[in-house]
Amino acid sequence: MKRLSTVLICIVLLIAAIPPAAADTAAEDLTDRCSFDFGSKKETGIDPRFFGKTVVTLKAGASFSFSWDEPLPDARLCLQWRNEPRDVALLQYGADGTLLSEETLPPYPETVSPLLPDARRAVIRNGAFDLRMQAAAVYGAGELPEPFHDWQEIPAHVDYLLIATHPDDDVLYLGSIVPTYGAERGYVGTIVYVTNQNRDRKSEAENGAWAMGLRVRPVFLGMRDVYRGATKSQRKLFPYDELLLRTVRVYRQLRPLVVFAQDLNGEYGHWQHKSTAKAAREAFALAADPTFDPESAEEYGTWQVQKLYLHLYRQNAVLIDAHTPLAAFDGRDAYEVACDAFLKHRTQQRYHFRVTRDDGSYAFNRFGMAEGVVPAGEDVFDNIDETLFCGYVAPPTPEPGATPEPGATPKSTELPQATARPTQTPAAPSEPPSPMKADPAPLLRIAAITVLAAIVTGVAAYFWKKRRNEKHPPEDREP
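Every value quoted in this text rests on a predicted model; they were computed, and no experiment measured them.

J.: Please explain the pattern of salt bridges as it appears in this structure.
T.: Oppositely charged side chains can form a pair if their charged atoms are brought close together. Counted according to the given criterion, the structure contains 17 salt bridges. A salt bridge links lysine 59 to aspartate 130, with the nearest nitrogen and oxygen atoms 3.9 Å apart. Of this pair, lysine 59 sits in the loop between strand 2 (56–58) and strand 3 (63–67) while aspartate 130 sits in the loop between strand 8 (119–125) and strand 9 (131–139), and the two are 71 residues apart along the sequence. Relative accessible area serves as the criterion here: at 41%, aspartate 130 is assigned to the partly exposed category. Linking glutamate 371 and arginine 281 is a salt bridge whose minimum nitrogen-to-oxygen distance equals 2.9 Å. Of the two residues, glutamate 371 is situated in strand 16 (residues 366–372) and arginine 281 in helix 7 (residues 271–286); the sequence distance between them amounts to 90 residues. It is possible to trace a salt-bridge network through shared partners that takes in Glu146, Lys344 and Arg346.

J.: Any chance you could explain empty space enclosed by the protein here in plain terms?
T.: In this approach a probe as big as a water molecule rolls over the atoms, and the regions it shows empty are the leftover space. Inspection of every chain in the model, using the stated rule, returns 3 cavities of 30 Å³ or more. By volume, the second largest cavity amounts to about 40 Å³. What lines the second largest cavity is Tyr108, Pro109, Glu110, Pro147, His149, Trp151, Glu206 and Arg217. Partitioning the lining of the second largest cavity into residue classes produces 4 nonpolar, 1 polar and 3 charged.

J.: Please explain the nonpolar core as it appears in this structure.
T.: Soluble, globular proteins show a tendency: their nonpolar side chains are buried together. Formed by 81 residues in total, the largest nonpolar core has its most connected members in Tyr160, Tyr251, Phe260 and Phe381. If one sorts the elements of this core by residue count, helix 6 (residues 240–254) sits on top with 7 residues. With residues up to four places along the chain from it excluded, the contact list for phenylalanine 260 reads Tyr160, Leu161, Leu162, Ile163, Leu174, Ile177, Tyr309, Phe367 and Val380. Trp81, Val88, Ala136 and Val138 belong to the second-largest nonpolar core, a separate cluster that totals 26 residues.

J.: How should I be thinking about the packing of helix 6 against helix 7 in this particular structure?
T.: Helix packing for two helices is described by the angle between their axes and how far apart those axes are. Put simply, helix 6 and helix 7 touch, their axes get as near as 9 Å, and they point 50° apart. Classed by the angle they form, the pair helix 6 and helix 7 counts as oblique. Crossing handedness for the pair helix 6 and helix 7: right-handed. Packed against helix 6, whose contacting residues are Tyr240, Leu243, Leu244, Thr247, Val248, Tyr251 and Arg252, the element helix 7 presents Ser275, Thr276, Lys278, Ala279, Ala280, Glu282, Ala283, Phe284 and Leu286 at the interface.

J.: So what exactly am I meant to see when it comes to the pairing of strand 4 (residues 76–81) here?
T.: Here is the key point about a regular strand: its side chains alternate between the two faces of the sheet. For strand 4, the buried fraction is high: 6 of the 6 residues fall into the buried class. Here strand 4 shows two buried faces, one formed by Arg76, Cys78 and Gln80 and the other by Leu77, Leu79 and Trp81. Two strands pair when backbone bridges link them, and strand 4 and strand 7 (residues 110–114) are joined in this way by 5 bridges, in the antiparallel orientation. Of the residues in strand 7, the one forming a bridge with arginine 76 is proline 114. Strand direction decides the pairing type here: strand 4 and strand 9, joined by 6 bridges, are antiparallel. The partner of tryptophan 81 across the bridge, within strand 9, is methionine 133.

J.: Quick question: what am I supposed to make of the packing of aromatic side chains here?
T.: Centre-to-centre distance and the angle between the planes together describe a pair of aromatic rings. Counted under the stated rule, the structure contains 19 aromatic pairs. Taking the centre distance of 5.7 Å and the plane angle of 20° together, the rings of phenylalanine 260 and tyrosine 309 count as stacked. Taken as a pair, phenylalanine 260 in strand 13 (residues 258–261) and tyrosine 309 in strand 14 (residues 307–311) lie far apart in primary sequence, 49 residues in all. Of the two residues, phenylalanine 260 and tyrosine 309, neither departs from the other in class, the shared state being buried. Each ring, one from tyrosine 335 and one from phenylalanine 364, has its centre 6.2 Å from the other, and the planes form 75°; the classification is edge-to-face. Highlighted residues: tyrosine 335 in helix 9 (residues 334–342) and phenylalanine 364 in the loop between helix 9 and strand 16, separated in sequence by 29 residues. Residue classification places phenylalanine 364 among the buried positions, given a relative accessible area of 0%. Each member of the aromatic cluster is reached from another via a ring pair, and the members are Phe36, Phe38, Phe64, Phe66 and Trp68.

J.: Help me understand the sheet that holds strand 1 (residues 35–37) in this model?
T.: Strand pairing in a sheet relies on backbone hydrogen bonds, with the paired strands running either antiparallel or parallel. One open sheet holds the 5 strands; their spatial order is 1-3-8-5-6, and the pairing between them is antiparallel. Lying at the two open borders of the sheet, with one neighbouring strand each, are strand 1 and strand 6 (99–104). Each adjacent strand pair in this sheet contributes to an overall mean axis angle of 15°, direction not counted. Sheet analysis places strand 1 next to strand 3, joined by 3 bridges and oriented antiparallel.

J.: In this structure, what is going on with the environment of phenylalanine 260? I would like to understand it.
T.: A relative accessible area of 0% means that phenylalanine 260 is categorised as buried. For the pair formed by phenylalanine 260 and aspartate 170, sequence separation is 90 residues and the distance between their alpha carbons is 9.7 Å.

J.: So what exactly am I meant to see when it comes to the environment of asparagine 383 here?
T.: With respect to the helices and strands, asparagine 383 occurs in the loop between strand 16 and helix 10 (441–471). Judged by its relative accessible area of 45%, asparagine 383 is partly exposed. In sequence terms asparagine 383 and valine 373 are 10 residues apart; their C-alpha atoms lie 9.7 Å from each other. Residues contacting asparagine 383, with those up to four places away along its chain left out, are Val374, Pro375, Ala376 and Gly377. At 3.0 Å, the side chain of asparagine 383 and the backbone oxygen of proline 375 are in polar contact.

J.: Got a minute to help me understand unusual backbone geometry in this structure?
T.: Glycine aside, a negative phi is what most residues show, and trans is what most peptide bonds show. The omega angle of the peptide bond from glutamate 146 to proline 147 is 10°, so this bond is cis rather than trans. Along the chain, proline 147 turns up in the loop between strand 9 and strand 10 (160–164). Although it is not a glycine, aspartate 293 adopts a positive phi angle of roughly 50°. Within the fold, aspartate 293 resides in the loop between helix 7 and helix 8 (294–300). A positive phi angle, close to 55°, is found at aspartate 330, a residue other than glycine.

J.: When you look at the sheet that holds strand 9 in this model, what are you seeing that I'm missing?
T.: The 4 strands are arranged 2-9-4-7 in an open sheet whose pairing can be described as antiparallel. Sheet topology places strand 2 and strand 7 at the edges, where each strand pairs with a single neighbour. Taking each pair of neighbouring strands and ignoring which way they run, the sheet shows an average axis angle of 35°.

About the criteria used
Residues numbered from 1 in each chain as written. Predicted model: local features only at pLDDT ≥ 70, side-chain atom pairs only at ≥ 80, totals over all residues. Heavy atoms only, no water. Salt bridge = Lys/Arg side-chain N within 4 Å of Asp/Glu carboxyl O. Helix = DSSP H or I, 4+ residues; strand = E, 2+ residues; numbered from the N terminus. Buried < 20%, exposed > 50% of the residue type's maximum accessible area, 1.4 Å probe, protein only. 1 Å grid on protein atoms, 1.4 Å probe; cavity = no way out; pocket = protein on both sides within 12 Å on 5 of 7 lines; lining within 4 Å. Points joined across faces, edges and corners; volume = space filled by probe spheres on them. Nonpolar A, V, L, I, M, F, W, Y, C, P; charged D, E, K, R; others polar. Core = buried A, V, L, I, M, F, W, Y, C linked by side-chain atoms within 4.5 Å. Contact = heavy atoms within 4.5 Å. Axes fitted to C-alpha atoms, helices over the stretch in contact; angles between N-to-C directions. Parallel < 35°, antiparallel > 145°, perpendicular 65-115°, else oblique. Left-handed = near helix turned anticlockwise from the far one by under 90°. Pairing = 2+ DSSP bridges. Phe/Tyr/Trp six-rings, centres within 6.5 Å; stacked < 30°, edge-to-face > 60°. Polar contact = N/O pair within 3.5 Å; in protein donor to acceptor, adjacent residues only side chain to side chain.

Set out below in structure tokens:
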């Protein structure tokens, strides 16, 4: 039995030695290795990781700095602002005081900027507007803590686009798309939130989108949220003409192949949901019409979306699989992922809303193709020219004299009724980002456990037989 115990201990050690999934590795907090100076005696020495507990005001033209003595591997400066930064610069200096780089921070509430390996001091210099900073921290490689996310910038065009009226509508009604087609299958897309609401809801939207596997930065249109029971005069705060114009511009700017929007009946009747769905449908044709909003047509070019799917639409219906385990989420299915993502919307948990699927009244995986320039097909991406997708890679060009194999020549990338960008040449296709690729570690654990279980069974059987033979030698047994 001692030998058997030894074998079991070895098994446990072997399983523990298998490295965990990379996606589960949290970024190291390097903030304590830096010295922060917020520009006044009162604020100098404050713990920068205040995360909502304190707000530091950065006056117009003011600056704050921080320094570190030793190299910080893969370090990133993470800043959170209560109001969006404008004309804010990040300057990095070497140990001898030499200016190494100067860049303007993007106008986002949370910004993540890599620190140079040779830098030993950084200065955040404000522009012409007062700013309120809610957090400042430095992290190494790995998964950043909320509310920070290392978003990828929007590419020249996207494979899919979700249009959600409010933060959390993308989870409750459209939440099967990003986990299934984005994180699992590698299509490139993003989410447009029509109403911004308040700063907390915006942060919740980003946290929820990240939990669903989105890695391309979401877009906020900035329109006013007006409650469901608004009067006719109050509804003027959400003008439909402005909504339609902004939707057309989003189509032209992001150039999606497939668009997913909400129910024409507003799910539970919300009038803003209805307006968003109606605008998404009307913009399908208008975005390809150069006479509509010539200004954006001149800036971005016209664009023809290939398919428009609406939530709960009954024609050309499709039911997204929400039961199959997804390798990108360690075996959780799209429904479980969406339920977890909805928990990120903390301010909405007091209401009765819940994610439902299949036969649920507002099933997050039921859609129908309302508009299209190609046949619907069985899958939402069926019948779209494969050369148009972000991840398309053209087959190698055959050598002179060689007979090309069938299908070696890529199809034309010209879209029906679409015009090319007047001032921009589409980037060469590249591999799509793989935001949450399946990690081999879980499979390795399963394989190791299976093999080692077989070894344990064999060893146990050997010792059991040996002990039985010692108690009852073969010669003592009855024939």
